[in-house]
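Per-entry structural report
The primary structure of each chain is shown beneath.
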Amino acid sequence: MIIRSQPRHAVKASEITPPRYYFNRRRFITSAAALLAAPALGWPVESRPARPLGPYTRSRYIIDEPLTDYEDITHYNNFYEFSTDKEDVAELAKDFRTDPWTVIIDGEVEKPGRYHLEDILRPHPLEERIYRLRCVEAWSMVIPWVGFPLADLIKRFQPTSRAKFVEFTTLYDPAQMPGQRRRILDWPYVEGLRMDEAMHPLTLLAVGLYGKVLPNQNGAPLRLVVPWKYGFKNIKSIVRIRFVEHQPVSTWMKAGPREYGFYANVNPHVDHPRWSQARERRIGEFFKRKTLMFNGYGEEVAQLYAGMDLRRFF
Ligand code: MTE
């Protein structure tokens with residue numbers, strides 16, 4: 001895999017505050033009021049404002065590791081609906097329409113329906129969390145997400161006692177998503193979680209990153225983030241959340257059942273059939289580092305898998 005040192009689609013310096021500085025400055029801002037006052041203080045603002053990202057607080061789920069550059073997070077993307085070339089996704093997704101957006105909530109749930117994104121988001125206070133993202137391709141990033149716990153949404157829509165899993169589906173729209181005109185995967189992209197994984201406090205529905213509205217290439221307007229699992233579980237541009245009794249079959253399980261399991265927990269002791277998972281390259285760094293069990297979140301999540309053979313349930 002080739003790791004770029006210079007992003008191909010560099011944004012002009014005048015257009016954007018380098019997120020590293022932006023972020024460090026923002027560390028000193030503690031209240032939403034101060035955030036709103038930022039333009040008045042003469043700080044640069046986004047040149048192309050998307051839907052505004054409401055005020056948010058900092059959560060306690062913060063890892064103390066250098067953040068991956070905004071440029072890398074937004075120009076080195078896996079989003080096969082647009083392209084299998086990570087460096088082409090941002091450009092191909094730039095006109096993707098994410099407003100209006102609706103999400104279907106159905107299956108084993110007390111309050112099924114088709115909801116406007118605004119109605120999905122409104123009751124949920126946003127928070128910022130800094131998580132590691134470990135891709136199955138053995139690279140990783142550290143990303144400051146903004147979102148809210150999936151558990152809060154689940155409690156609100158009230159799954160029935162029959163709901164044992166949650167299935168997520170990405171938009172299917174080949175007119176907008178050129179990758180879907182090719183049968184590289186069985187579209188639409190589907191992912192799933194066991195109910196206790198979905199309810200875990202670390203599991204996030206993200207709407208932003210680096211304090212900004214989620215860029216299209218990162219899964220706007222709503223994507224899943226499960227930090228102890230390989231990146232492919234983090235399904236983007238969600239249009240359906242379905243509560244089901246039986247374990248969903250994910251897109252990657254269909255594509256390669258020997259290579260991609262339902263659980264997809266980061267596990268340096270279980271290799272991908274075609275490469276080792278013991279080490280990873282943090283984007284922006286030269287030397288590889290050891291991959292951590294459950295991506296370093298073992299203390300929080302290991303008990304979810306107590307007694308399970310993680311070689312079998314990979
Ligand atoms: N979701 C959809 N719908 N389509 C995809 O191709 N790729 C996955 C995941 N979610 C993917 C997806 C993979 S393999 C990874 S590593 C992450 O998104 C990448 O997220 P990022 O581009 O925000 O880093």
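What counts, and where the lines are drawn
Residues numbered from 1 in each chain as written. Predicted model: local features only at pLDDT ≥ 70, side-chain atom pairs only at ≥ 80, totals over all residues. Heavy atoms only, no water. Near = heavy atom within 4 Å. Polar contact = N/O pair within 3.5 Å; in protein donor to acceptor, adjacent residues only side chain to side chain. Areas by Shrake-Rupley, 256 points an atom, 1.4 Å probe, with all protein chains shown as cover. Nonpolar A, V, L, I, M, F, W, Y, C, P; charged D, E, K, R; others polar. Salt bridge = Lys/Arg side-chain N within 4 Å of Asp/Glu carboxyl O. Helix = DSSP H or I, 4+ residues; strand = E, 2+ residues; numbered from the N terminus. Buried < 20%, exposed > 50% of the residue type's maximum accessible area, 1.4 Å probe, protein only. Core = buried A, V, L, I, M, F, W, Y, C linked by side-chain atoms within 4.5 Å. Contact = heavy atoms within 4.5 Å. Pairing = 2+ DSSP bridges. Axes fitted to C-alpha atoms, helices over the stretch in contact; angles between N-to-C directions.

It is worth spelling out the site of the ligand at this point. The local shell around the ligand holds 15 residues, among which Tyr 80, Glu 81, Thr 170, Asn 234 and Lys 236 are the closest. Between Asn 78 and the ligand, the recorded distance is 3.2 Å, taken from a backbone N or O atom to a nitrogen atom. In this structure, Glu 81 approaches the ligand through a side-chain N or O atom, which is 2.8 Å from a nitrogen atom. For the ligand, the accessible surface in isolation is 540 Å², of which the surrounding protein chains cover 98%. By residue class, the composition of the shell around the ligand is 6 nonpolar, 6 polar and 3 charged.

With that out of the way, let us pick up the pattern of salt bridges. What the rule picks out here adds up to 22 salt bridges. Residue Arg 194 pairs with Asp 196 through a salt bridge whose shortest N-O separation is 2.8 Å. Between Arg 274 and Glu 259 there is a salt bridge, and its shortest N-O distance comes to 2.7 Å. Here Glu 259 lies in the loop between α8 (251–255) and β12 (279–282) and Arg 274 lies in the loop between α8 and β12, a separation of 15 residues in the sequence. Judged by its relative accessible area of 56%, Arg 274 falls in the exposed class.

Next up on the list: the nonpolar core. Core analysis: the largest hydrophobic core is formed by 84 residues, its most contacted members being Trp 145, Leu 150, Leu 153, Phe 168, Leu 224, Trp 228 and Phe 243. Ranked by residues supplied to this core, first place goes to strand β5 (residues 139–149) with 7 residues. When residues no more than four places from it in sequence are discounted, the contact partners of Leu 153 are Ile 105, Ile 120, His 124, Phe 148, Leu 205 and Ile 241.

As a further point, take the sheet that holds strand β7 (residues 190–194). An order of β3-β2-β11-β6-β7 is seen for the 5 strands of this open sheet, with the pairing classed as mixed. Here the strands that pair on one side only, and so sit at the sheet edges, are β3 (113–116) and β7. Each strand of the sheet is rotated relative to its neighbour by a mean of 20°, with strand direction disregarded.

The next thing to look at is unusual backbone geometry. The omega torsion of the bond from Asp 99 to Pro 100 falls at 5°, within 30 degrees of zero and hence cis. Across the junction of Trp 187 and Pro 188, the peptide omega takes the value -5°, indicating a cis bond. Within the secondary structure, Pro 188 sits in the loop between β6 (165–170) and β7. In this model, Ala 138 sits at a positive phi of 75°, which is unusual for a non-glycine residue. Tracing the sequence through the fold places Ala 138 in the loop between β4 (126–134) and β5. Look at Tyr 210: it is not a glycine, yet its phi comes out positive at around 50°. Looking at the element boundaries, Tyr 210 is found in the loop between β8 (204–209) and β9 (212–213). A relative accessible area of 0% means that Tyr 210 is categorised as buried.

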